[in-house]
Amino acid sequence: ILSILLIGILSFNQLACSNTGGKDAKSEKRAGASERPNILVVYLDDLGYGDVSAYGQNTLPTPNIDALAKGGVRFTNGYATSATCTPSRYGLLTGIYPWRNEKARILPGDAPLLIDTTIVTLPKMLRNAGYRTGVVGKWHLGIGDGSVDWNEELHGNPNDVGFDYSYIMAATTDRTPTVYIENRRVVGLTADDPIQVSYKQNFPGEPTAISNPELMTKQTWSHGHNQSVHNGIPRIGYQKGGKSALWQDEDMADVFLDKAKAFIDDNNPEKTGEPFFLYYALQQPHVPRVPHPRFVGKSGMGPRGDAIIEADWCLGEIMKKLEADGLAENTIVVFSSDNGPVLDDGYNDDAETKIGNHKAAGPLRGGKYSLFEAGTKVPFITYWKGHIKPQVSDALVCQLDLLGSFAELVGQNNPSEDSKNTMAALMGESKEGRDQLVLEATGRLAFRQGNYILIPAYKGNAVNKQVNIETGLAPETQLFDISKDPGQRNNLAKAQPDKLAAMKDAMQKAVGD
Ligand code: NG6
Ligand code: CA
């Protein structure tokens, strides 16, 4: 019996080792229509590499994320494409490098839809494979054509780029309009009190955080965020009216969780005969951090830590839901974050003063907005009960590749050259992901190949003083070997001229002219 077991283990290993991109038995099998698991992408906003206990120092309890990591593949080289939200989400949903689209920058709340409605996005590709698709949570990819009337039916929204169902906030929790949108309608509007939104000027007579600072009963701003005030919290952008539709920040986690669960109920494959894809985009721990009162004080780190504990709870609830409905063995879960961490992102919420020993970026340098590692290297976990062998993987994986990878899983064509099929790495069957990756922060690019990272010389401040984060920008070229120097302290550009030249060459080829 022992020898049979051994042979079993050996052949499993051989399969795993030989799987370096070519089609093997497993991927052949996957390409068959027989394997169409539900897909759940749980995506946090500004969660840092070190914020999760499984990645960090056990300073912040994240038991549900840790359980996912323990039962799945915990990637130590998992990346968002970008160090800010809009471009990362664009990369995730289109499989196209966001730097190819000049408009893929942090969008205002009234920006037009960024995604071309004619391309095959991740949800469209899955829909072509018979999936029912939904998005719940943060959108931040624009809506409409730039002249949206929020009181009318909305066009150019998630439902026009591949989602059958959407329940979203338009942009961010700190931007107007502070309302939920279900499919094509703002939720809860009444005809007698229409909502108006502007990013150009205030509406005559409406208070702002500047004119009426006494309205800021819950949080005050440290930079930016001094326009319209809603729920005692100042925001970016102006809005007027729509009182019955305005969200209560404290309830947002529960609202999105309920909608995510309802989507699973409505789209249970036992009922529909088809699998589902749910993109569950949580708002935490982006500013303003306003967790429900039952989480307040739980972290000892103020609202930022409390919001992360709340998000961890949300993940736990959605996993419980999958278990309770008998879907856990038939659902692949991907957990990640859109960009790295920031403490003071514009509100006085004690994030810096109460952080204690916790290191939101873990051992990495930089943070949100940064070309250094902490900007784009994020927690990245895949979990599929009974299918994925628990492990830690150092394979280079990126959210950009979910499109190409899932296309292979469900037997569809991969519509994007940028998006690579790294399904074997995502499944923990191979330690080989991509061999190179272009990274982006506020419009500038860096390049990773193997264990080296090249940051070309850029003009600009070395530190973004508002948020107190090193940008990675420097007048000289930077080259790091992150296998030896994960904190990017030792610039090898002078010591390794041949490597530098090879990296520059490879980056140029990857980026084009
Ligand atoms: C910045 C905001 C910041 C945050 C960010 C977007 C100011 C001063 N700062 O412009 O608070 O909203 O945009 O974050 O306004 S992201 O995660 O959606 O990219
Ligand atoms: Ca973000």
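Residues numbered from 1 in each chain as written. Chains lettered and ligands numbered in written order. Predicted model: local features only at pLDDT ≥ 70, side-chain atom pairs only at ≥ 80, totals over all residues. Heavy atoms only, no water.

1. A look at the packing of helix H3 (residues 63-71) against helix H8 (residues 303-324)
Turning to step 1, where the next piece is worked out: Relative to each other, H3 and H8 sit at 55°, their axes nearing to 7 Å. Classified by the angle between their axes, H3 and H8 sit oblique to one another. On H8, the residues touching Pro63, Asn64, Ile65 and Leu68 of H3 are Asp312, Trp313, Leu315, Gly316 and Met319.
Turning to step 2, where the next piece is worked out: Its residues placed into classes, the contact of H3 with H8 shows six nonpolar, two polar and one charged. (Axes fitted to C-alpha atoms, helices over the stretch in contact; angles between N-to-C directions. Helix = DSSP H or I, 4+ residues; strand = E, 2+ residues; numbered from the N terminus. Parallel < 35°, antiparallel > 145°, perpendicular 65-115°, else oblique. Contact = heavy atoms within 4.5 Å. Nonpolar A, V, L, I, M, F, W, Y, C, P; charged D, E, K, R; others polar.)

2. Describing the coordination of the calcium ion (ligand 2)
Turning to step 1, where the next piece is worked out: Looking at the metal site, the calcium ion (ligand 2) is ligated by Asp45 (OD), Asp46 (OD), Asp338 (OD), Asp338 (OD) and Asn339 (OD1), spaced 2.2 to 2.7 Å from it.
Turning to step 2, where the next piece is worked out: With six donor atoms in place around the calcium ion (ligand 2) and angles of 51 to 172° between them, the coordination shape is irregular.
Turning to step 3, where the next piece is worked out: Coordination of the calcium ion (ligand 2) draws on donor residues from a single chain, spaced D-D-x291-D-N in sequence.
Turning to step 4, where the next piece is worked out: Relative accessible area serves as the criterion here: at 1%, Asp45 is assigned to the buried category.
Turning to step 5, where the next piece is worked out: In this structure Asp46 comes out as buried when scored by relative accessible area, which is 1%. (Donors = N, O, S within 2.8 Å, 3.2 Å for Na, K, Ca; no water. Tetrahedral: all angles 85-135°; square planar, octahedral: opposite > 155°, others 65-115°. Buried < 20%, exposed > 50% of the residue type's maximum accessible area, 1.4 Å probe, protein only.)

3. Quick word on the site of ligand 1
Turning to step 1, where the next piece is worked out: Taken together, 20 residues sit near ligand 1, with Cys85, Asp174, Arg175, Asp345 and Lys368 positioned nearest.
Turning to step 2, where the next piece is worked out: A distance of 2.8 Å is found between an oxygen atom of ligand 1 and a backbone nitrogen or oxygen belonging to Cys85.
Turning to step 3, where the next piece is worked out: His225 places a side-chain nitrogen or oxygen 3.0 Å from an oxygen atom of ligand 1.
Turning to step 4, where the next piece is worked out: In isolation ligand 1 has 450 Å² of accessible area, and contact with the protein removes 86% of it.
Turning to step 5, where the next piece is worked out: Counted by class, the shell around ligand 1 contains five nonpolar, eight polar and seven charged residues. (Near = heavy atom within 4 Å. Polar contact = N/O pair within 3.5 Å; in protein donor to acceptor, adjacent residues only side chain to side chain. Areas by Shrake-Rupley, 256 points an atom, 1.4 Å probe, with all protein chains shown as cover.)

4. Considerations on the nonpolar core
As a rule of thumb, soluble globular proteins bury nonpolar side chains together.
Turning to step 1, where the next piece is worked out: One finds Trp139, Tyr279, Tyr280 and Phe406 to be the most contacted residues of the largest nonpolar core, which totals 102 residues.
Turning to step 2, where the next piece is worked out: When residues of this core are assigned to their parent elements, the largest contribution, eight residues, is made by H8.
Turning to step 3, where the next piece is worked out: Counting residues in each nonpolar core, the second largest holds 31 residues, with Phe372, Leu400, Ala506 and Ala510 among its members. (Core = buried A, V, L, I, M, F, W, Y, C linked by side-chain atoms within 4.5 Å.)

5. Things to note about H3
Turning to step 1, where the next piece is worked out: Taken together, the buried positions of H3 are Ile65, Leu68 and Ala69. Viewed along the axis of H3, the buried residues span an arc of 100°, placing them on a single side of the element. Seen from the open side of H3, the exposed residues pointing more than 90 degrees away from its buried face are Pro63 and Lys70. (Arc of directions from axis to C-beta.)

6. A look at empty space enclosed by the protein
Turning to step 1, where the next piece is worked out: In this structure the tally under the stated criterion is two cavities of 30 Å³ or more.
Turning to step 2, where the next piece is worked out: For the largest cavity, the calculated volume is near 80 Å³.
Turning to step 3, where the next piece is worked out: Taken together, Thr173, Asp249, Met252, Gln283, Gln284, His286, Pro288, Arg289, Val290, Pro291, Ala307 and Glu310 form the lining of the largest cavity.
Turning to step 4, where the next piece is worked out: Of the residues in the lining of the largest cavity, the class split is five nonpolar, four polar and three charged.
Turning to step 5, where the next piece is worked out: Space inside the second largest cavity adds up to approximately 40 Å³.
Turning to step 6, where the next piece is worked out: Of the residues contributing to the lining of the second largest cavity, the split by class is seven nonpolar, two polar and no charged. (1 Å grid on protein atoms, 1.4 Å probe; cavity = no way out; pocket = protein on both sides within 12 Å on 5 of 7 lines; lining within 4 Å. Points joined across faces, edges and corners; volume = space filled by probe spheres on them.)

7. Here we look at the pairing of strand E14 (residues 380-383)
Turning to step 1, where the next piece is worked out: Taking every second residue as pointing to the same face, both faces of E14 are buried, with Phe380 and Thr382 on one and Ile381 and Tyr383 on the other.
Turning to step 2, where the next piece is worked out: Sheet topology places strand E2 (residues 73-75) next to E14; three bridges connect them, and they run antiparallel. Residue pairing for E14: Phe75 is matched across the bridge by Phe380.
Turning to step 3, where the next piece is worked out: As judged from the four bridges shared by strand E13 (residues 331-337) and E14, these two strands associate in the antiparallel manner. Across the sheet, residue Val334 finds its bridge partner in E14, namely Thr382. (Pairing = 2+ DSSP bridges.)

8. Some points on unusual backbone geometry
Turning to step 1, where the next piece is worked out: Cis geometry marks the peptide bond from Thr176 to Pro177, where omega comes out at 0°.
Turning to step 2, where the next piece is worked out: Checked against the element boundaries, Pro177 lands in the loop between strand E5 (165-169) and strand E6 (180-182).
Turning to step 3, where the next piece is worked out: Between Val287 and Pro288 the backbone carries a cis peptide bond, its omega angle lying at -10°.
Turning to step 4, where the next piece is worked out: Note on placement: Pro288 falls in the loop between strand E12 (276-281) and H8.
Turning to step 5, where the next piece is worked out: The residue Gln488 is not glycine, and still its phi comes out positive at about 50°.

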